[in-house]
Amino acid sequence: MHLLRYTLDEAAMSLWRGRRSSLLSTATIAIALFVTGAFLVVTSNLERLAQEWSGAAEMSVYLADQVTGTDRASIERTLRAAPVVLDVQFVSKEQALGRFRQTFPDLAGTLGSLDENPLPASLEVRLQSSADAQQGIDALVSSVRTMSGVSDVRYDKEWLDRLLRGLRVLRVVGFSLAGALILAAALTIGNVVRLALNARHDEIEIMHLVGAPTTYVRGPFVMEGALHGGLGALVALVALAATYALLRTPFLVPLASALNLSTVRFLPAPVALSLLAGGLGVGALAGVIASRRA
Amino acid sequence: MIEAYHLSKVYSRGVYALRDLTLKIEKGEFLFLTGPSGAGKSTLLRLLLCAETPSEGQLKVGGRVLTDLSTSEMQAYRRTVGFVFQDFRLIPRFTVFQNVAFVMRVLGVDVPTQQRKTYQVLKWVGLQHRMNAYPEELSGGEQQRVAIARALVNDPHLILADEPTGNLDPDLALDIMNLFRDINARGTTVLVATHDREMIRRVGRKALTLEHGRLAGGA
Ligand SMILES: Nc1ncnc2c1ncn2[C@@H]1O[C@H](COP(=O)(O)OP(=O)(O)OP(=O)(O)O)[C@@H](O)[C@H]1O
Ligand SMILES: [Mg+2]
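Parameters and conventions
- Sequence order sets the numbering: in each chain, residues are counted from 1 along the sequence as written.
- Labels follow written order: the first chain is A, the first ligand is 1, and so on.
- Only residues with pLDDT of at least 70 get local features here, since the model is predicted, and only at 80 or more are side-chain atom pairs given and counted; chain-wide, interface and lining totals rely on the full set of residues.
- Only hydrogens and water are removed before side-chain values are computed, so all heavy atoms of the structure are retained for them.
- Between N-to-C directions, angles span 0 to 180 degrees; the directions come from axes that are lines fitted to C-alpha atoms, helices contributing only their stretch in contact.
- Secondary structure elements follow DSSP: runs of H or I of four or more residues count as helices, runs of E of two or more count as strands, with numbering from the N terminus.
- Under this scheme an angle from 65 to 115 degrees is roughly perpendicular, one under 35 degrees roughly parallel, and one over 145 degrees roughly antiparallel; angles in between are oblique.
- The crossing is said to be left-handed when, going from far helix to near helix, the turn is anticlockwise and less than a right angle, and right-handed when the turn is clockwise.
- Whether two residues are in contact is decided by their heavy atoms: any pair within 4.5 Å suffices.
- Classification used: nonpolar for Ala, Val, Leu, Ile, Met, Phe, Trp, Tyr, Cys and Pro, charged for Asp, Glu, Lys and Arg, polar for all others including Gly.
- Strand pairing is assigned whenever DSSP identifies at least 2 bridges connecting the two strands.
- Water is not among the atoms examined, so metal sites may look incomplete; donors are the N, O and S atoms within 2.8 Å of the metal, or within 3.2 Å for Na, K and Ca.
- Burial classification: accessible surface area is computed with a 1.4 Å probe over protein chains only, and a residue below 20% of its type maximum counts as buried, one above 50% as exposed, and the rest as partly exposed.
- A helix is expected to span 1.5 Å multiplied by its residue count minus one.
- Working definition: the arc comes from the directions between the helix axis and the C-beta atoms, pointing outward to the latter.
- A side-chain nitrogen of Lys or Arg and a carboxyl oxygen of Asp or Glu constitute a salt bridge if their distance falls within 4 Å.
- Near residues are defined by distance, with any heavy atom within 4 Å of the molecule or strand qualifying the residue.
- In protein, a polar contact requires one atom able to donate a hydrogen and another able to accept it; more generally it is a pair of N or O atoms within 3.5 Å, and residues adjacent in sequence count only if both atoms are side-chain atoms.
- Accessibility throughout is a Shrake-Rupley quantity obtained with a 1.4 Å probe, and a residue counts as covered only by protein chains that appear here.
- Buried area: the sum, over both parts, of the accessible surface (1.4 Å probe) that disappears when the two are put together.
- Computed over the protein atoms alone on a 1 Å grid, cavities are sets of points where a 1.4 Å probe fits but cannot get out and pockets are open sets with protein on both sides within 12 Å along at least five of seven lines; a residue lines them when it has an atom within 4 Å of a point.
- Grid points are joined across faces, edges and corners, and a volume is the space filled by probe spheres set on the points.

## Some words on the packing of helix α9 (residues 214–258) of chain A against helix α10 (residues 269–290) of chain A
Residue and element names in this part refer to chain A.
- The contact between α9 and α10 brings their axes to 7 Å, and the two run at 150 degrees. Between α9 and α10, the crossing angle belongs to the class labelled roughly antiparallel. Crossing hand, α9 versus α10: right-handed. Between α9 and α10, the residues in contact are R218, F221, V222, G225, A226, G229, G230, A233, L234 and L237 and A272, L275, L276, G279, L280, G283, A284, G287 and V288, respectively.
- Its residues assigned to classes, the contact of α9 with α10 shows twelve nonpolar, six polar and one charged.

Below you can see the structure in the form of C-alpha cells.
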C-alpha cells in the first residue's frame, strides 16, 4: 500500500518536473486513443445499424407517380402471393411527405415551398429473414423490378451486405491505424521515461546502495508511464465526448434517421473504461520496458 | 560479525586492491581501518556493502556469505548497514530531511516516526536547523554530516564509514567519533576507514592497517 503511495508521489513529482516532455507523450497517447475511440464510436454505431437492418428485412417498392390502379393491384397481388412475404403495406405520397417532415424538420420548409410533392408512393414489404428465404427474395426483387408501374425497388439486404463489407474494411483500416499510433505513443512514453531515468542515474545508484527494494527503484518510473498513458486517455475521452456532443444534433442524428438507425450512441461506459485502462496499461508497459535495467 | 578468508579484489586493469586478506571482526567492536591512500580501505568497505564482488576468497557477515545472498536478501542486508560514503552520495533533489528519511520511507515507517528519528539523528550531527536545505546549499562538512545522519537513522547493526570526518574540523571530527562511540556502546559494530592517525590516537580504539591490500599488523 505504501509502495503505491510512494510510487505515485514520486511519479507525480517527476511528471511535474518534466512537464514539457510529458506534454508531448501525453499528447501522442491522447491522439492515438482519440483515433481509436472515434473508430469505435463509428463502427459500433454501424454495427447497430447492420443489426437493425437485418432484424427488419424490408423491401420498398417505389411506385411511379402515374401508376394505374390495375398496375398497383397486380403488383400487390404478386407480392402477397410470394411465400417469403410476411406483410405488405401501402405508403401514399402524402404519408411519405409526412414522415419526411418528421425526420427532417429543418428541410421540410424547402419541400413545402415546392408546388408538387416530390416523394413517391411505395409498397413496404416485410420479408422472412431466414437464410432459406434468400433465393426466393432475390427472384422476387428482380421480377417486381420489371413490372409496369414500378419505378424502383430498394432491398435492404443488398445494402446490408455492402454495409457489412464496408464495416470490415473500416475495422481493418481503423484498427491498424490505431495500433500504429498506439505503438508510436508507447515508444514516446518509453523515451520520456528513459530520459527521466537517465537524469536520475546517480540517484538510482544511491537507492540501490541504501538497499531500496527493486520495486521502489523502478516503481516510480512504471507509475510515471502509467500516468502519462492514463492522462492521455482521459484527454482523448474528453475530446471525443466534446466532439460527439458538438456533432450530435446538427449532423449525427439526421444522418442516423436517414439511415433508419433508431439512435446514435457514444461509447458505452465499459468501452470508455477499457480505453482508459488501455492508456494506463500501455503507459505502464512502456515504463516497465524503459526501466528494466534500473 | 565480519569474517574474511583469503579475500582478494582485482579491478579490471589487474590492480590488486586487496590481496589474500584474512581477518575477523567481532560483534560490537569499534575498529579503525587505516593505511596509505590506495591501500584498499574503501574497497574492503565496498565489498562489505556488496557494492563490489570479491575476485577470490570469501566474505561473511553475521555468519552469511555475502555473495550467496539473493537480490532481495542483499537489499534487506544493506538496509541493516549504515554506510557513510567517502563522497557522501546524497540525492540532490531531496532535502536534508528527505535524504535522511529515505530508507524509512521505503520501509513504510509511519511519518511521525520518520520525523522523530530524522530530527533526532540530525540533532546528533548538529544539523537540525538545515532540515529543509538541499545538499547543494550545504558546505562539504555539512553534507558529510547529513551522510552520517542517514547512516545512523535506521538503527543499523553495522556502521561502515569511509573517511567520515575528512571534511570536518578536528573538534567536530571528535564529536562525530564520540557519537560513533555512543552508538557502539549500544552494541552496534563500527568500522571506520581513515588516514587520520592523530584522531585514531585521540579516540583510543584498535586500528587495522592495510598496505597494498594486505594487513600490516594491528596497532
Ligand atoms: N573502480 C575501480 N577501478 C579500478 N581500480 C580501482 C577502482 N577502485 C579502486 N581502484 C584501485 O584499487 C586500489 C585501492 O583503492 P581504494 O579506493 O580501496 O583505496 P583507499 O585505501 O580507499 O584509498 P583512499 O585512502 O585514497 O581513499 C587503488 O589502487 C585504486 O586505484
Ligand atoms: Mg577510500
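## Here we look at the sheet that holds strand β9 (residues 206–211) of chain B
Residue and element names in this part refer to chain B.
- Spatial ordering of the open sheet is given by β6-β7-β8-β3-β9-β10, a layout of six strands whose pairing is mixed. Looking at the sheet topology across the chains shown, the edges are occupied by β6 (81–84) and β10 (214–215).
- Packing of helix α5 (residues 140–152) onto the sheet brings it into contact with β6 and β7 (158–162), and relative to β6 it is tilted by some 170 degrees.

## Comments concerning the coordination of the magnesium ion (ligand 2)
All names here are of chain B.
- Surrounding the magnesium ion (ligand 2) are the protein donor atoms S42 (OG) and Q86 (OE1), which sit 1.8 to 2.5 Å from the metal. Residue S42 is located in helix α1 (residues 41–48), and its partner Q86 is located in the loop between β6 and α3 (96–106); the two are separated by 44 residues in the primary sequence.
- Looking at S42, the relative accessible area reads 22%, which means it is partly exposed.

## Some details on helix α4 (residues 111–124) of chain B
Residues and elements named next belong to chain B.
- The end-to-end C-alpha distance of α4 is 20 Å, a good match for the 20 Å that 14 residues give at a rise of 1.5 Å each.
- Within the sequence span of α4, burial applies to Q114, K117, T118, V121 and L122. All buried residues of α4 fall inside an arc of 135 degrees around its axis, so they share one side. Turned more than 90 degrees off the buried face of α4, the exposed positions are P112 and R116.
- Tucked inside the fold, the buried residues of α4 contact α3 and α5.
- Two residues or fewer past α4, G126 is found with a positive phi of approximately 75 degrees.

## Here's the deal with the pattern of salt bridges
Residues and elements named next belong to chain A.
- If you walk through the whole model with that rule in mind, you get 19 salt bridges over all chains.
- In this structure, D9 and R5 form a salt bridge, with 3.6 Å as the shortest nitrogen-oxygen distance. Of the two residues, D9 and R5 are both situated in helix α1 (residues 2–17); the distance of four residues between them amounts to about one turn of the helix.
- Since its relative accessible area comes to 32%, D9 is described here as partly exposed.

## Quick word on the site of ligand 1
Residues and elements named next belong to chain B.
- Every one of the 14 residues lining ligand 1 counts as a neighbour, but S37, G38, K41, S42 and T43 are closest to it.
- Residue G38 places a main-chain N or O atom 2.8 Å away from an oxygen atom belonging to ligand 1.
- Against a free-state accessible area of 630 Å², the protein chains account for coverage of 67% of ligand 1.
- For the shell around ligand 1, the element with the highest residue contribution is α1, accounting for three residues.
- Considering only residue class, the shell around ligand 1 consists of five nonpolar, seven polar and two charged.

## A word on the interface of chain A and chain B
- Counting residues at the interface gives 19 residues for chain A and 19 residues for chain B.
- In total, chain A and chain B occlude about 1700 Å² of area from one another, counting both sides; carbon and sulfur atoms represent 59% of this.
- Its largest share of buried area at the contact with chain B, chain A owes to I206, L209 and V210 of chain A, together 36% of the area lost on that side.
- If you look at where chain A meets chain B, you find four salt bridges.
- Run the count over chain A and chain B and you get eight residue pairs in polar contact (both at pLDDT 80 or more).
- Mapped by element, the contributors of at least two residues to the side of chain A that touches chain B are α1, α8 (201–209) and α9 of chain A.
- Taken together, the residues that form the side of chain A that touches chain B break down as nine nonpolar, four polar and six charged.

## Examining the environment of Y216 of chain A
- Tracing the sequence through the fold places Y216 of chain A in helix α9.
- Note: C-alpha distance between Y216 of chain A and A180 of chain A (36 residues apart in sequence) is 32 Å.
- Once residues lying within four places of it in the same chain are set aside, the contact partners of Y216 of chain A are H2, L3 and Y6 of chain A together with V106 of chain B.
- In this structure the side chain of Y216 of chain A is engaged in a polar contact, spanning 3.3 Å, whose partner is the backbone oxygen of V106 of chain B.

## As for empty space enclosed by the protein
- Within the structure shown, the criterion is met by two cavities of 30 Å³ or more.
- Of the pockets and cavities examined, the largest cavity occupies roughly 130 Å³.
- Of all elements in the fold, only β6 and α5 of chain B reach the threshold of two or more residues within the lining of the largest cavity.
- It is β6 of chain B that contributes the most residues to the lining of the largest cavity, three residues altogether.
- Counted as a void, the second largest cavity has a volume near 40 Å³.
- Lining the second largest cavity are I206 and V210 of chain A together with I91, F94, Q98, N99, F102 and R150 of chain B.
- Of all the elements, α3 of chain B adds the most residues to the lining of the second largest cavity, at three residues.
- Here the lining of the second largest cavity is built from residues that sort into five nonpolar, two polar and one charged.

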